[in-house]
Amino acid sequence: KGKPKTFKYTSRDVILYNLGLGATTRELQYTYENHSQFQVLPTFATIPFMADGSIDMNFEELVNNFNYSMLLHGEQYFKINKFPLPTSGELKTKGKPLQVLGKSSKAAVIVCGYESVDAKTGEPVIYNEGTFFVRNAVVPEDKVINKTNERAPFAVKTFATKDLGSPDFEVEISTFEDQAALYRLSGDYNPLHIDPQLAKAVKFPKPILHGLCTLGVSVKQLFEKYGPFDELKARFTNIVFPGDRLKVKAWKRNNIVIFQTIDLNTGNVVLDNSAIKLIGKSKL
Ligand code: HDC
């Protein structure tokens, strides 16, 4: 605890991650290590901080009545310090709680910041902020943490879509039934995404897709449309089942692309209040 964790990755991890987001052999830049433009999709930035599914902070100590199975990913922010991310490397990550708040709806919200540095040079590579919504957890007054001033400004911005008019870009994509089974292998082994009994025990009809997988699948489309970006923020507003069809809607405003993802099987907005910040000359 508190000790930096090391995350070592190679082209194999990159290919596995890209496949987990639905990349195919029609996109050899994502699936073949000898391709001249072999690359990792930028949302790989969310992988090192989880380092083998272990959690850096003892969430049990941060809140009362913590149950890992009741945890849902609420929001995610990251910043990539130098684009693109290398296709292999070794990173060390240190995390700290930034907010631990009780919600009236009998839940706790935990926000942690994670700094990942190059294990050899110490150079900062990625910064993440993860927000976790823990149903049934309680935050007594002496455990409240609220370091709002330490949060990344882009992470706490609101990206509403209601006054933006029609989207500048829309695309539909299918997730696949075994997608969570494949995506798990990138490091988040949470049984909620594979174990039908556990899913039922926490009131879902069947296992749900990783929030970061829904995000990665959606943002792959935006990356291919608009080009490189260095900051991303998203809120997970509803669950997705592996196999569901998604629609991504995007509104470009200068170098910010605000987006939303809708699950076409349920009609629910599943990613909202979400945006990426483009870098350099954007494609459009
Ligand atoms: O929005 C609801 C929901 O179901 N969202 C989808 C969650 C989801 O599917 N996430 C992805 C899948 S889970 C996953 O991937 C787990 C992964 O394996 C975890 C890995 C962890 C690794 C650890 C690494 C270290 C829900 C349930 C989140 C909230 O819905 P409601 O209860 O209806 O909430 P509501 O009444 O609207 O609001 C109550 C207060 O909570 C705040 N809030 C709402 N949604 C939030 C959120 N905060 C953060 N994130 C969200 N998504 C509201 O603002 C409100 O706060 P306040 O009372 O202060 O206004």
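A quick note: this is a predicted structure, and the numbers were derived from the prediction, not measured.

This part takes up the site of the ligand. Around the ligand lies a shell of 26 residues, among which H73, K103, D188, H193 and F236 are the nearest. At 3.0 Å, a side-chain N or O of N190 approaches an oxygen atom of the ligand. With respect to the ligand, the side chain of R235 contributes an N or O atom lying 3.4 Å from a nitrogen atom. Coverage of the ligand by the protein chains reaches 74% of its 1200 Å² of free accessible surface. Judged by the fraction of its atoms near the pocket grid, the ligand is located in the largest pocket. Among the secondary structure elements, those contributing two or more residues to the shell around the ligand are β2 (71-80), β5 (124-135) and β8 (229-236). No other element matches the 5 residues that β2 contributes to the shell around the ligand. Here the shell around the ligand is built from residues that sort into 12 nonpolar, 10 polar and 4 charged.

With that settled, the discussion passes to the packing of aromatic side chains. According to the stated counting rule, one finds 14 aromatic pairs in the structure shown. Taking the centre distance of 6.2 Å and the plane angle of 40° together, the rings of F78 and F229 count as tilted. In this pair, F78 sits in strand β2 while F229 sits in strand β8, placing the two residues 151 residues apart along the sequence. This pair shows no difference in class: F78 is buried, exactly as F229 is. Of note, K206 hangs over the ring of F241, and the distance from its end group to the ring centre comes to 5.0 Å.

Turning our attention to the pattern of salt bridges. Counted under the stated rule, the structure contains 12 salt bridges. Its salt-bridge partner being K96, residue E150 comes within 3.0 Å of it at the nearest N-O pair. In this pair, E150 sits in the loop between β6 (145-146) and α4 (153-156) while K96 sits in strand β3 (residues 89-103), placing the two residues 54 residues apart along the sequence. Classification of K96 by relative accessible area gives partly exposed; the value is 42%. With a closest N to O distance of 2.6 Å, R151 and E129 form a salt bridge.

Definitions and limits used
- Counting from 1, residues in each chain are numbered in the order their sequence is written.
- Local features in this predicted model are restricted to residues of pLDDT 70 or higher, and side-chain atom pairs are both shown and tallied only at a pLDDT of 80 or more, whereas totals for entire chains, interfaces and linings draw on every residue.
- Only hydrogens and water are removed before side-chain values are computed, so all heavy atoms of the structure are retained for them.
- Here, proximity means that at least one heavy atom of the residue falls within 4 Å of the molecule or strand.
- Between N or O atoms, a polar contact is any pair within 3.5 Å; within protein, one atom must be a potential hydrogen donor and the other a potential acceptor, and residues adjacent in sequence are included only when both atoms are from side chains.
- Here the Shrake-Rupley method, with its probe set to 1.4 Å, supplies the accessible areas, and only the displayed protein chains count as covering residues.
- Here a cavity means grid points, on a 1 Å grid over the protein atoms only, where a 1.4 Å probe fits yet cannot get out; a pocket means an open set of points with protein on both sides within 12 Å along at least five of seven lines; lining residues are those with an atom within 4 Å of a point.
- For this analysis, a molecule is said to be in a pocket or cavity if more than half of its atoms are within 2 Å of the grid points defining it.
- Secondary structure elements are taken from DSSP: a helix is a run of H or I of four residues or more, a strand is a run of E of two residues or more, and numbering for both begins at the N terminus.
- Any residue outside Ala, Val, Leu, Ile, Met, Phe, Trp, Tyr, Cys, Pro, Asp, Glu, Lys and Arg is labelled polar, Gly included; the first ten of those are nonpolar and the last four are charged.
- In this scheme Phe, Tyr and Trp rings, the latter by its six-membered ring, pair at centre separations within 6.5 Å, and the angle between planes marks the pair as stacked below 30 degrees, edge-to-face above 60, and tilted otherwise.
- For every residue, the accessible area obtained with a 1.4 Å probe (protein chains only) is divided by the maximum for its type, and the residue is called buried under 20%, exposed over 50%, and partly exposed between those limits.
- Here, a charge over a ring means that NZ of Lys or CZ of Arg falls within 6 Å of the ring centre while also lying within 35 degrees of the ring normal.
- Counted as salt bridges are all cases of a side-chain nitrogen of Lys or Arg within 4 Å of a carboxyl oxygen of Asp or Glu.

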